[in-house]
Amino acid sequence: RTLSNKDYEQLSGEERKDIEERRKKLDPVIASFLQKARKLEAKTQKAVQKIQMELGRGIIAKPINALRRRYAKNPAIKDYLGDVAEHILAHIGIFMPQEQQHPGPMPSASDVPEFKVNVVVDNSATQGAPVVNEARPTFYNLFGRIEKKVENGIYFTDFTMIKAGSVLKANGGYLILHASDLFMYPLVWENLKSILRYKAILIEDIGENMGFLPTSGLRPEPIPIDLKVVLIGSHYLHEMLQRYDEDYRKLFQVVAEFDSEIDRSPTTEMEYARFIATTCEREGLRPVDRTGVAAVVEYGSRLVDSQKKMTLRFNEICNLLIEADFLANQKKAAVITRKHVQKTIEMRHVRRSLVEDKIQEGYKDNTILVKTEGTAIGAVNGLAVYEVGGHAFGKPSRITATVFAGKGGITNVEREARLSGPFHSKGVLIISGFLGDRFARTHSLSMTVSLVFEQSYGPVDGDSASSTELYAVLSALSRVPLRQDLAVTGSVDQLGNVQPIGGVNEKIEGWFSVCRDKGFTGTQGVMIPKQNVQHLMLDAEVVEAVEKGKFHIYPIATIEEGIELLTGIGAGTLQEDGQYPEGSIFDLCLAHLDEFDRAEHGEEGGEGGASEGGEEEPSAANPEGGVGDPEGPDGPDEQDE
């Protein structure tokens, strides 16, 4: 009988010793029996496995062979199916019923991790080639990732956690990217070029890509890639990549430039009206009547500063319609009219014009000194455009010039103070060419000019004030005062032709605001290049003032036209004797230049004479000490700046 531990402890010492000795005699017999049993069990198990393998091979042969025939043209799939068959046979035990007290259901393939299917990309519902627009092209969003889980502080992963990125989702189709976004995330641009160059993508961790994670892990095979990448970006970015990235020139060879404006014609205006109607319907806005459509079209032209063009920045138009609809709702109006559109534009201006308003206050309280009436010698009102936070506005500035004897040429005070940009300095040098052409054909140009933007405490650039500066110089040289009720803009060439400039609407409106605040006289206005007339898309208040004769706009083609308007005196045309008509502006300028020349060289070194010491007579090609003197302030130092 079987003894319990309690019964065994109650036995005497001799009885327990006797039992122990007999047990020791049985140990070799038991060990021999167990060894024979294990051998028999292994032999039996091997025979069972052989039978199971033959049974399993017969069962899986039919579906595996069917798949092999289906994908016969793809060697990789055929090899993969062979590996699947061998793996099933090697682990066939997991598919066999287990001996359990309460047998459960048979395990299915989906319950076994290695037989699960990870559909990385599913384009089964896609019609035609896939088109993917990736709005946030991070490394993982673009190239895919191998996700990881954490259990008990340990990271682990398997092939079911391999996720595709936009490149793989667009494989066989098109991937649309914004070029500027690619350079915001590390390794994205270089990795994208590598994929396009080798036509294959490897899904990996960003740390492995950079060589920071040498640990072993999943290494998916490279996937062949055949797709078109469409980059959308600015012209500037395209030029930078074209110039400095050799791979970009090779990989992206098809370039299409899109204009942001369109010609304004009855046909395009009708298309604009249809777009407005479509936008209102899509956004649930009130309809826009004919006057409102006209106002929106005018606003589209204002955005491109042209009477002959309209903007294609439709986001601006949509925002305008949404804001106009809000105003119409407040007024309980059934439709959006011109009044609502104009009010919207006015409110936008109010919200953005803080800096402009502060500057206008300076004109009102005479902190910024600008005259809107009367005359002055060597002073003229120039116009500049400032842009702050996307809001552009015109800012009038007083430009003054003084002229006196000497050989200094034109001293650009802004340049000497290192506030003049290269284009502004170029405009001043062009003035030198004009003065040399008009007054130094037969003798040297002995004078010193000091030219400055008054109350300017920041950088000055652009040549749109070169004609304005020239008028100030001619006034100072001729001693004829200029009208202060006019403001001037426009660049000039060496021949005296006034050239078009940008920001003409903002410049006119800026001067108009100053004149309005100081009080209209009926003579105030602006002088603009003749070519800029087509760009006039002025505020309704300015248009109304012009129609009523309170404000004037004068298109100017040449410096001669401009100086005559500013002084009321003819400019003068060069005659055969090399002189200008008596009393003309240019005649007065030439007379004062002769005075400067005599003061510089003495009476015996007068007009056309040789200087003391028998030196060669100065000429227009080499005006000794004159405008454009190589050693002057606008000479070689310009390059140093």
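For the structure, see preceding data.
What you see is a predicted model; the values in this text were computed from it and never measured. (Residues numbered from 1 in each chain as written. Predicted model: local features only at pLDDT ≥ 70, side-chain atom pairs only at ≥ 80, totals over all residues. Heavy atoms only, no water.)

(A) Focus on the overall build of the chain. Check the secondary structure of the chain and you find 23 helices and 22 strands. Within the span of the chain, comprising 641 residues, buried residues form 38% of the whole. Put simply, 72% of the contacts in the chain that link residues at least 6 apart link residues at least 24 apart. Surface summary for the chain: the accessible area is close to 37,300 Å², and the carbon and sulfur share equals 53%. (Helix = DSSP H or I, 4+ residues; strand = E, 2+ residues; numbered from the N terminus. Buried < 20%, exposed > 50% of the residue type's maximum accessible area, 1.4 Å probe, protein only. Contact = heavy atoms within 4.5 Å. Areas by Shrake-Rupley, 256 points an atom, 1.4 Å probe, with all protein chains shown as cover.)

(B) Spatial organisation of the pattern of salt bridges. Inspection of every chain in the model, using the stated rule, returns 30 salt bridges. Across the salt bridge formed by E323 and R351, the nearest N and O atoms sit 3.1 Å from each other. On the criterion of sequence distance, the pair formed by E323 in helix α13 (residues 314-330) and R351 in helix α14 (residues 338-352) is long-range, its members being 28 residues apart. According to the relative accessible area criterion, E323 is partly exposed, its value standing at 25%. Connected via shared salt-bridge partners are E190, K193, R197, D245 and D247. (Salt bridge = Lys/Arg side-chain N within 4 Å of Asp/Glu carboxyl O.)

(C) Just the nonpolar core, in detail. Ranked by size, the top nonpolar core spans 45 residues in total, and within it L435, F439, M447, Y471 and L474 carry the most contacts. At the level of secondary structure, the elements contributing two or more residues to this core comprise β14 (391-404), α17 (422-439), β16 (448-453), α18 (466-478), β18 (486-488), α21 (559-567) and α22 (585-601). Counting residues in each nonpolar core, the second largest holds 28 residues, with L142, F143, L175 and V229 among its members. (Core = buried A, V, L, I, M, F, W, Y, C linked by side-chain atoms within 4.5 Å.)

(D) Molecular detail of the pairing of β16. Within β16, five of the six residues are buried, leaving the element largely enclosed by the surrounding structure. In this sheet, β16 lies alongside β14 in antiparallel orientation, the contact comprising six bridges. Residue I399 lies in a different strand from β16, and its bridge partner there is F453. With four bridges joining them, strand β15 (residues 409-412) and β16 adopt parallel strand pairing. (Pairing = 2+ DSSP bridges.)

(E) Quick peek at the packing of aromatic side chains. A full pass over the atoms with the stated rule returns 15 aromatic pairs. Where W189 meets F252, the ring centres are 6.1 Å apart and the plane angle is 15 degrees; that geometry is what we call stacked. One end of the pair, W189, is in helix α7 (residues 188-198); the other, F252, is in the loop between α10 (246-251) and β10 (261-263), with 63 residues separating them in the sequence. Under the relative-accessibility criterion, F252 is labelled buried at 13%. Seen from their ring centres, F439 and Y580 are 6.1 Å apart, and the 65 degrees between their planes marks the pair as edge-to-face. (Phe/Tyr/Trp six-rings, centres within 6.5 Å; stacked < 30°, edge-to-face > 60°.)

(F) Summary view of the sheet that holds strand β1 (residues 131-133). Strand order in the open sheet formed by three strands is β1-β6-β9, and the pairing between neighbours is parallel. The open sheet is flanked by β1 and β9 (228-232), the only strands paired with a single partner. Strand-to-strand twist across the sheet, computed as the mean angle between neighbouring axes with direction ignored, equals 20 degrees. Pairing of strand β6 (residues 174-178) with β9, which is carried by five bridges, proceeds in the parallel orientation. Opposite I176, over in β9, you have V230 as the bridge partner. (Axes fitted to C-alpha atoms, helices over the stretch in contact; angles between N-to-C directions.)

(G) Structural detail: the pairing of β6. Only one face of β6 is covered, namely the one carrying L175 and L177; the face carrying Y174, I176 and H178 has none of its residues buried. Bridge count for β1 against β6 is three bridges, and the pairing is parallel. When the sheet's bridge partners are listed, N133 is paired in β6 with I176.

(H) Spatial organisation of unusual backbone geometry. Positioned with a positive phi, K199 is a non-glycine residue whose angle comes to about 55 degrees. Mapped onto the secondary structure, K199 falls in the loop between α7 and β7 (200-201). If you check the backbone angles, R418 has positive phi at about 60 degrees while not being a glycine. By the secondary structure assignment, R418 is in the loop between α16 (413-416) and α17.

(I) Local environment of the environment of H443. By the element assignment, H443 lies in the loop between α17 and β16. Along the backbone, H443 and D597 are 154 residues apart, and their C-alpha atoms lie at a distance of 9.2 Å.

(J) Spatial organisation of the environment of W511. Structurally, the position occupied by W511 is in helix α19 (residues 504-518). A polar contact is formed between the side chain of W511 and the backbone oxygen of G525, at a distance of 3.0 Å. (Polar contact = N/O pair within 3.5 Å; in protein donor to acceptor, adjacent residues only side chain to side chain.)

(K) α21, seen in detail. For α21, the full list of buried residues reads I559, E560, G562, I563, L566 and T567. Angular distribution of buried residues about the axis of α21 spans 165 degrees; they occupy a single face of the element. Just past α21, the residue G568 takes up positive phi, approximately 80 degrees. (Arc of directions from axis to C-beta.)

(L) Highlighting the sheet that holds β15. The strand order across the open sheet formed by seven strands is β15-β16-β14-β13-β18-β21-β22, and the pairing between neighbours is mixed. Every interior strand has two partners, whereas the edge strands, β15 and β22 (552-556), have only one. When the angles between neighbouring strand axes are averaged without regard to direction, this sheet yields 30 degrees. Along the sheet face, α18 touches β13 (379-388), β14, β16, β18, β21 (525-529) and β22 and points at about 25 degrees away from the line of β14.

(M) Highlighting the environment of I317. Structurally, I317 is set in helix α13. C-alpha of I317 to C-alpha of Y299: the two residues are 18 residues apart in sequence and 8.4 Å apart in space. Residues in contact with I317, not counting those within four places in the same chain, are Y272, F275, V296, Y299, G300 and T311.

No statement about biological role is implied by the geometric values presented.
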